[in-house]
Structures are given as C-alpha cells and as structure tokens.
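For reference, the chains in residue letters:
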Amino acid sequence: MIAYLKGKLVHKEPTHVVIEVNGIGYQVGISLHTFSDIKDREDIKLFTYLQVREDAHILFGFATEAEKHMFQLLISVNGVGPSTALVVLSYLAPEELKSAILSENAAVLQAVKGIGGKTAQRIILELKDKLRKEPEESNIPGFSHNTVRQEALSALVTLGIGRAAAEKSVDAVIKKSGNSLRLEELVKQALKNA
C-alpha cells in the first residue's frame, strides 16, 4: 500500500496529476477538490489509495487525509466505485459530505452527477452509523490535528481502554499539562486517569 506520494508536480489536469518521486512519474487520479487545493505548487504531497484490479493498478490522490477517509468510506458502499467516489468528492468537500450523510439529506447527494435516489439512500444507510461512531475533533487548542494526541489514543485503545474513556483521559491530561508533553508521558498520565 502506498500511503502518500511526496514529490515534484510534473503535470496537472482536473482529473489527474503526474508526480515525480525519485525519477519515477506516478499518475494519480484526483478530485476537483484536490485539484483546487494543490493550485500551482511545484512540490506536493498527496495521500493515496491504491486500487488493485485484474487489469490495472490505479492510484487515487487526496490533498487531505479527511478526503481520503471519505473516499474509502464511499467505495465501501455497494455500487459505489472509485470513479463515482471521486465525482462525489469533486462536488462536495469532505465536511459537506459527512454533514449530508449524518443529516440524512439525500437531496444533497442526488445533486451529484451519477448519484440517483437509490444510491443516495444506500450511501446514507451504510455510512451514517460508521460516521456517528467516529470521534469528534477535539476542541483543545493546538491539539485538534496533533499526532501525539492521536498516537496516545491509539496506544490506550490498544491497551484495552475504551475509545471514549481514552479520549476523556487524554484530553484531561492535555488541559492540565499543556502542549509540551511527550507521547510516553501523555500515555502514562492518561493511564493513571483512566
């Protein structure tokens, strides 16, 4: 699995880019959302998803991990392939898509070319529970996208602590101690609180 590509942007079109990484050019399918995010940057990093088919290996790239995550959720829905998922993400930003699914707003999904009533309902039905189970972004300043916080949560969950209890404990330690804690200290203190 190729997690991301970081390199020189050689060619860019609304549907795909070519990124040169160590002398190799990778053609990567993208959404219009990613196309607008990368603008005219020369050096880029795209989070990728590799689809392996009998006749081809196809890379899809995303400007953010949130967009990649929504793409993976969409292709998990029966009847929604990578091409359709890219079209959906071209019409809707990841946050808009998540909001439409959680509010069960089929009309927003049906506004996307190629998504009919049945497919919109299937997307909502199959993804709303998955999205509701995902933790909300933290409101703690400086830690909303912090990898130390995420790694601490992952460690605690691996140790058998429930996700909600782990989040509560980690967030309490961060509020009390500030942003300067190392991962090991954060996990130790969170374990004491859990």
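This text follows the structure it describes.
First things first, this report covers the structure right here in the doc. Remember, predicted model here, so these are calculated numbers, not experimental data.

### What to know about the overall build of the chain
Then comes step 1: The helix and strand tally for the chain stands at nine helices and five strands.
Then comes step 2: Starting at the N terminus and ending at the C terminus, the chain contains elements arranged as β-β-β-α-β-β-α-α-α-α-α-α-α-α.
Then comes step 3: Judged by the C-alpha coordinates and their principal axes, the chain covers about 50 × 45 × 30 Å.
Then comes step 4: In the chain, buried positions account for 38% of the 194 residues.
Then comes step 5: Summarising the internal contacts of the chain: among those between residues at least 6 apart in sequence, 48% fall at separations of at least 24.
Then comes step 6: A total accessible area of about 11,200 Å² is found for the chain, and carbon and sulfur atoms account for 51% of it.
Then comes step 7: Positive and negative side-chain charges of the chain, numbering 24 and 23 respectively, have mean locations separated by a distance of 5 Å.

### Considerations on the nonpolar core
The nonpolar side chains of soluble globular proteins are, as a tendency, buried together.
Then comes step 1: Judged by nonpolar contacts, the single largest core of 25 residues is most densely connected at Phe-71, Leu-74, Leu-97, Ile-101, Leu-109, Ile-123 and Leu-127.
Then comes step 2: Ranked by residues supplied to this core, first place goes to helix 6 (residues 117-133) with five residues.
Then comes step 3: In this structure, Leu-109 is in contact with Leu-92, Leu-97, Ile-101, Ile-115, Ala-120, Ile-123 and Ile-124, ignoring residues within four places of it in sequence.
Then comes step 4: In terms of nonpolar packing, the next biggest core, distinct from the first, is built from 12 residues, Ala-152, Leu-153, Val-187 and Ala-190 among them.

### Some thoughts on the packing of aromatic side chains
Then comes step 1: Counting across every chain of the model gives three aromatic pairs.
Then comes step 2: Consider the rings of Phe-60 and Phe-71, whose centres lie 5.3 Å apart with planes at 40 degrees: the pair is tilted. Within this pair, whereas Phe-60 is found in strand 5 (residues 57-62), its partner Phe-71 is found in helix 2 (residues 65-75), the two being separated by 11 residues in sequence.
Then comes step 3: Residue classification places Phe-60 among the buried positions, given a relative accessible area of 7%.
Then comes step 4: Their ring planes at 45 degrees and their centres at 4.8 Å tell us that Phe-62 and Phe-71 sit as a pair that is tilted.

### Section: the environment of Ala-155
Then comes step 1: With respect to the helices, strands and loops of the structure, Ala-155 is situated in helix 7 (residues 147-158).
Then comes step 2: Classification of Ala-155 by relative accessible area gives partly exposed; the value is 26%.

Rules used in this analysis
Along every chain, residues carry numbers that run from 1 in the direction the sequence is written. Note on the predicted model: pLDDT of at least 70 is required for a residue's local features to be given, and 80 or more for side-chain atom pairs to be given and counted; whole-chain, interface and lining totals, by contrast, use all residues. Calculated side-chain values reflect all of the structure's heavy atoms, with hydrogen atoms and water omitted. The helix count covers DSSP runs of H or I at least four residues long, the strand count covers runs of E at least two residues long, and both are numbered beginning at the N terminus. Classification of residues uses two cut-offs on accessible area relative to the type maximum, computed with a 1.4 Å probe and protein chains only: under 20% is buried, over 50% is exposed, and between them is partly exposed. Here, two residues are considered to be in contact whenever any of their heavy atoms come within 4.5 Å of each other. Computed with a 1.4 Å probe, the accessible areas rest on the Shrake-Rupley method; for each residue, only the protein chains presented here act as cover. Asp and Glu are treated as the negative residues and Lys and Arg as the positive ones, with His and the ends of the chain left uncounted. Here the site of a charge means atom NZ of a Lys, CZ of an Arg, CG of an Asp or CD of a Glu. For this analysis, a nonpolar core means a set of buried residues of the types Ala, Val, Leu, Ile, Met, Phe, Trp, Tyr and Cys, connected via side-chain atoms within 4.5 Å. Pairs were defined over the aromatic rings of Phe, Tyr and Trp, the Trp ring being its six-membered one, requiring ring centres within 6.5 Å. Orientation was assigned from the angle between planes: stacked under 30 degrees, edge-to-face over 60, tilted for the rest.

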